[in-house]
Amino acid sequence: MTAVTLTYCVPCGFRERALDTQEAVLTSLESEIDRFELVMGDHGVFRVEVGDEIVFDKEVDDFDIDGIVRDVREQL
């Protein structure tokens, strides 16, 4: 089991999106992870990491909560 980290941009107003993503991941995978961490950031960041692996970055990927959950699951 491992840690999931979601870093989101506070000035951009991504808190609700981060909380929705956190809820989706925990609903599906809570028993498979040790820790879920929300990290406040800036400069437009919205990134999900499993351990040291980036599984979602809004700079590269289209936002899709179901896709993020699938990618987190695959990385576990």
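*Asks:* Break down the nonpolar core for me, with residues and values.
*Replies:* Ranked by size, the top nonpolar core spans 20 residues in total, and within it Val4, Leu6, Phe46, Val48 and Val72 carry the most contacts. In this structure leucine 6 touches Ala18, Thr21, Gln22, Phe36, Glu37, Leu38, Val39, Phe46, Arg47 and Val48, once residues within four positions along its chain are discounted.

*Asks:* Got a sec to walk through a negative patch on the surface? Specific residues and values, please.
*Replies:* Where like charges cluster on the molecular surface, the negative patch consists of Glu16, Asp20, Glu23 and Glu30. Tracing the sequence through the fold places glutamate 16 in helix 1 (residues 15-29).

*Asks:* Can you explain the side chain of glutamine 22? Please cite residues and give values.
*Replies:* Looking at the secondary structure, you find glutamine 22 in helix 1. Other than its neighbours up to four places away in sequence, glutamine 22 contacts Leu6, Phe36 and Leu38.

*Asks:* Which residues make up the environment of glutamine 22, and what values do they have?
*Replies:* Note on glutamine 22: relative accessible area 18%, which makes it buried. Along the chain, glutamine 22 and aspartate 62 lie 40 residues apart, while their C-alpha atoms are 17 Å from each other.

*Asks:* Please set out the sheet that holds strand 3 (residues 46-50) residue by residue, giving values where relevant.
*Replies:* Across the sheet, which stays open at both edges, the four strands sit in the order 2-1-3-4 with mixed pairing between neighbours. Looking along the sheet, the strands with just one partner apiece sit at the ends: strand 2 (33-41) and strand 4 (53-57). Ignoring strand direction, the axes of neighbouring strands in this sheet form an average angle of 20°. Looking at chain direction, strand 1 (residues 2-9) and strand 2 are connected through eight bridges and run parallel. Bridge pairing in strand 2 places valine 4 opposite phenylalanine 36. Sheet contacts for helix 1: strand 1, strand 2 and strand 3; angle to strand 2, the most-contacted strand, approximately 175°. Lying on the sheet, helix 2 (residues 65-75) is in contact with strand 1, strand 3 and strand 4; it crosses strand 4 at an angle near 175°.

Conventions used here
- Residues numbered from 1 in each chain as written.
- Predicted model: local features only at pLDDT ≥ 70, side-chain atom pairs only at ≥ 80, totals over all residues.
- Heavy atoms only, no water.
- Core = buried A, V, L, I, M, F, W, Y, C linked by side-chain atoms within 4.5 Å.
- Buried < 20%, exposed > 50% of the residue type's maximum accessible area, 1.4 Å probe, protein only.
- Contact = heavy atoms within 4.5 Å.
- Patch = residues over 30% accessible without salt bridge, like charges linked within 9 Å, V, L, I, M, F, W, Y side chains within 5 Å.
- Areas by Shrake-Rupley, 256 points an atom, 1.4 Å probe, with all protein chains shown as cover.
- Salt bridge = Lys/Arg side-chain N within 4 Å of Asp/Glu carboxyl O.
- Lys, Arg positive; Asp, Glu negative; His and termini not counted.
- Charge placed at Lys NZ, Arg CZ, Asp CG, Glu CD.
- Helix = DSSP H or I, 4+ residues; strand = E, 2+ residues; numbered from the N terminus.
- Pairing = 2+ DSSP bridges.
- Axes fitted to C-alpha atoms, helices over the stretch in contact; angles between N-to-C directions.

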